[in-house]
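# A look at the structure
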Amino acid sequence: MLLSLVVHTYSLRYWFPATIMLGTAPAYLLSWGAWRLLSTVLPARMYHKLDDRLYCIYQSMVLFFFENYTGVDIVIYGDIPKNKENVIYLSNHQCTADWIIADMLAIRQSALGHVRYVLKDGLKWLPLYGWYFSQHGGAYVKRSAKFNEKAMKKKLLTQTQSGAPMYLVIFPEGTRYNPELKNVIADSQAFATKEGLAVLRHTLTPRMKASHIAIETMKDHLDAVYDITVAYEGTLDPSGRRKPAPSMPEFLCKECPRVHIHFDRVDIKEIPTEPLFFRRWLHERFEIKDRFVMAVDWIGFSYAAAIAFGGFMGYKRKGSVMSLMAGLVFGGLSAYGAYNISNDSKDIKVSLLASGVLSVVMGMRYKKSGKLMPAGIMSGLSLLMVFRLLLLTLA
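What you see is a predicted model, and the numbers here were worked out from it, not measured in a lab.

## A few points about the overall build of the protein chain
Regarding its fold elements, the protein chain presents 13 helices and seven strands. Dimensions of the protein chain, computed from the C-alpha atoms along their principal axes, are close to 95 × 60 × 40 Å. Sorting the 395 residues of the protein chain into buried and exposed places 45% on the buried side. Expressed as a percentage of contacts within the protein chain between residues at least 6 apart in sequence, the contacts between residues at least 24 apart total 76%. Entry remark: accessible area of the protein chain is about 20700 Å², with carbon and sulfur atoms responsible for 64%. Placing the 47 positive and 32 negative side-chain charges of the protein chain at their respective mean positions leaves the two points 4 Å apart.

What follows is the structure, given as structure tokens:
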């Protein structure tokens, strides 16, 4: 009985906001439809102005649930311009909640109504929303050889020629990065190797077509590109391995306490237009994203800091230069090993060497002196680190 009550209470966290958001969608579409009919005899600029206003009202309600209702802490690195701009928003893609992150940034510029999406073609069949996103100025695209370049250009030109403000959201990876989909990650890395690009470990290799066409088509209409990197807190397990990012229902169930967003504004004039150079530029931006969202080995870095601190305290209390040197050398090795593990959880060689040697040396010192501080504690920590590293190779 108690378990059933807990389960129902937990599900209400999602169903309550979802019912309101979906329940008000038909009324919103009816209001928009009435305006669409009335505006057929009016200039396109007037239609877009009220359409953006209606969209802003609905999305503000959606954002209330995703940001205020959940109580999620939004941490932004970088300065968001105070004034509205015509921009392309490029971001890494991990889950359906990424759409909401774009809204969270847009509303901070009072540009929520201007948000439009480039989405994969299959989403146009999404009930209610799928058709409206296209009417609001979004574009649906197919991948690879099926990509319709002319259709996308036509859609974007129609928007810009009518003077519609633009906050165009694109996820260049084309699909979500999910650490459980090993084949998708392997294919993405193989493509990067084939193209002579750096292999990414925590994002997928970006595809350039949609982004390049959007920038080329609207370059005279755009002010900048917003390069966004999103990292969801709680997507690392105790061993430092990546877990899937939260879906929209999980987000509404308050399973994500904090979202880290790195914001970088790139002036449109700084972006290369030639396809080869644009591909390199885009991939370099994703290399930066890859480092930002990498699965940081915090345990390894903490262990390295403890070693260095122990060496410093030995020098401060007893004037032991040997303790200081050992702390710096083994602390540095352990930090380097933690960096390697952050990039590849199987790359434990340096960390295993440092912790293995320390566990033996400090163990012998503890056996000889019988003192718990520092030899006993450091030998115990090092031994635990050895076991942890071996477990990482087996996971």
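## Side note on the packing of helix H2 (residues 44-69) against helix H3 (residues 98-107)
Remark: H2 packs on H3, axes separated minimally by 10 Å, with the N-to-C direction vectors making an angle of 110°. Relative to H3, the element H2 is oriented roughly perpendicular. Residues Gln59, Ser60, Val62, Leu63, Phe66 and Glu67 of H2 form the contact with H3, whose own contacting residues are Ile100, Asp103, Met104 and Ile107. Among the residues forming the contact of H2 with H3, the class breakdown is six nonpolar, two polar and two charged.

## Structural notes on a nonpolar patch on the surface
On the surface, Tyr366, Leu372, Met373, Ile377, Leu381, Leu383, Leu384, Phe387 and Leu390 cluster together into a nonpolar patch covering about 870 Å² of accessible area. Judged by relative accessible area, which is 36%, Ile377 ranks as partly exposed.

## Some points on the sheet that holds strand E4 (residues 139-141)
Judged by pairing direction, the sheet is mixed, and its seven strands sit side by side in the order E1-E7-E6-E2-E5-E3-E4 without closing on themselves. Edge positions in the open sheet fall to strand E1 (73-77) and E4, since each of these has one partner strand only. Geometrically, the sheet is characterised by an average inter-axis angle of 25° between neighbouring strands, direction not taken into account. Pairing between E1 and strand E7 (residues 258-267): five bridges, direction parallel. Residue Ile74 lies in a different strand from E7, and its bridge partner there is Val259. Seen against the sheet, helix H9 (residues 275-292) touches E1, strand E2 (87-91), strand E6 (224-232) and E7 and runs at an angle of roughly 30° to E6.

## Observations concerning empty space enclosed by the protein
In the structure shown here, the tally under the stated rule is three cavities of 30 Å³ or more. Taken as a whole, the largest cavity spans an internal volume of roughly 50 Å³. Together, Phe191, Leu197, Thr205, Pro206, Met208, Arg279, Leu282 and His283 line the largest cavity. Counting residues per element, the lining of the largest cavity draws most heavily on H9, which supplies three residues. Split by residue class, the lining of the largest cavity holds five nonpolar, two polar and one charged.

## Description of the pattern of salt bridges
Under the defined criterion, the tally for this structure stands at 13 salt bridges. Two residues, Glu85 and Arg265, come together in a salt bridge whose shortest N-O distance is 2.6 Å. Here Glu85, found in the loop between E1 and E2, pairs with Arg265, found in strand E7; they are 180 residues apart in sequence, far enough to count as distant. For Glu85, a relative accessible area of 16% corresponds to the buried category.

## Side note on the confidence of the model for the protein chain
Overall, the prediction assigns the protein chain a mean pLDDT of 87, with 95% of residues at 70 or greater. No element of the protein chain has a lower mean pLDDT than helix H1 (residues 2-38), which averages 75, and none a higher one than E2, which averages 97. Predicted confidence for residues 1-8 stays below pLDDT 50, and this span has zero contacts to residues more than four positions away or in other chains.

## Here's the deal with the layout of surface pockets
There is about 890 Å³ of room inside the second largest pocket. Forming the boundary of the second largest pocket are 28 residues, of which Gly310, Ser323, Met362, Arg365 and Pro374 lie nearest the centre. In terms of residues, the lining of the second largest pocket owes the most to one element, helix H10 (residues 298-318), which gives nine residues. Broken down by class, the residue content of the lining of the second largest pocket amounts to 16 nonpolar, seven polar and five charged.

## Description of the environment of Leu119
Looking at where Leu119 falls in the secondary structure, it is placed in strand E3 (residues 115-120). When near neighbours in sequence (up to four residues on either side) are disregarded, Leu119 contacts Trp99, Phe133, Ala139, Tyr140 and Val141.

## Section: the packing of aromatic side chains
By the definition in use, this model includes 20 aromatic pairs. Here the aromatic rings of Tyr58 and Tyr129 are separated by 6.3 Å at their centres, their planes lie at 45°, and the arrangement is tilted. Taken together, the residues Tyr58 in helix H2 and Tyr129 in helix H4 (residues 129-135) connect sequence positions 71 residues apart. With relative accessibility at 7%, the residue Tyr58 sits in the buried group. The ring of Phe191 carries Arg207 above its face, with NZ or CZ at 4.0 Å from the centroid. In this structure, Lys289 packs its charged tip against the face of Phe286, placed 5.2 Å from the ring centre.

Rules and cut-offs
Residues numbered from 1 in each chain as written. Predicted model: local features only at pLDDT ≥ 70, side-chain atom pairs only at ≥ 80, totals over all residues. Heavy atoms only, no water. Helix = DSSP H or I, 4+ residues; strand = E, 2+ residues; numbered from the N terminus. Buried < 20%, exposed > 50% of the residue type's maximum accessible area, 1.4 Å probe, protein only. Contact = heavy atoms within 4.5 Å. Areas by Shrake-Rupley, 256 points an atom, 1.4 Å probe, with all protein chains shown as cover. Lys, Arg positive; Asp, Glu negative; His and termini not counted. Charge placed at Lys NZ, Arg CZ, Asp CG, Glu CD. Axes fitted to C-alpha atoms, helices over the stretch in contact; angles between N-to-C directions. Parallel < 35°, antiparallel > 145°, perpendicular 65-115°, else oblique. Nonpolar A, V, L, I, M, F, W, Y, C, P; charged D, E, K, R; others polar. Patch = residues over 30% accessible without salt bridge, like charges linked within 9 Å, V, L, I, M, F, W, Y side chains within 5 Å. Salt bridge = Lys/Arg side-chain N within 4 Å of Asp/Glu carboxyl O. Pairing = 2+ DSSP bridges. 1 Å grid on protein atoms, 1.4 Å probe; cavity = no way out; pocket = protein on both sides within 12 Å on 5 of 7 lines; lining within 4 Å. Points joined across faces, edges and corners; volume = space filled by probe spheres on them. pLDDT = per-residue confidence, 0-100. Phe/Tyr/Trp six-rings, centres within 6.5 Å; stacked < 30°, edge-to-face > 60°. Lys NZ or Arg CZ within 6 Å of the ring centre and 35° of its normal.

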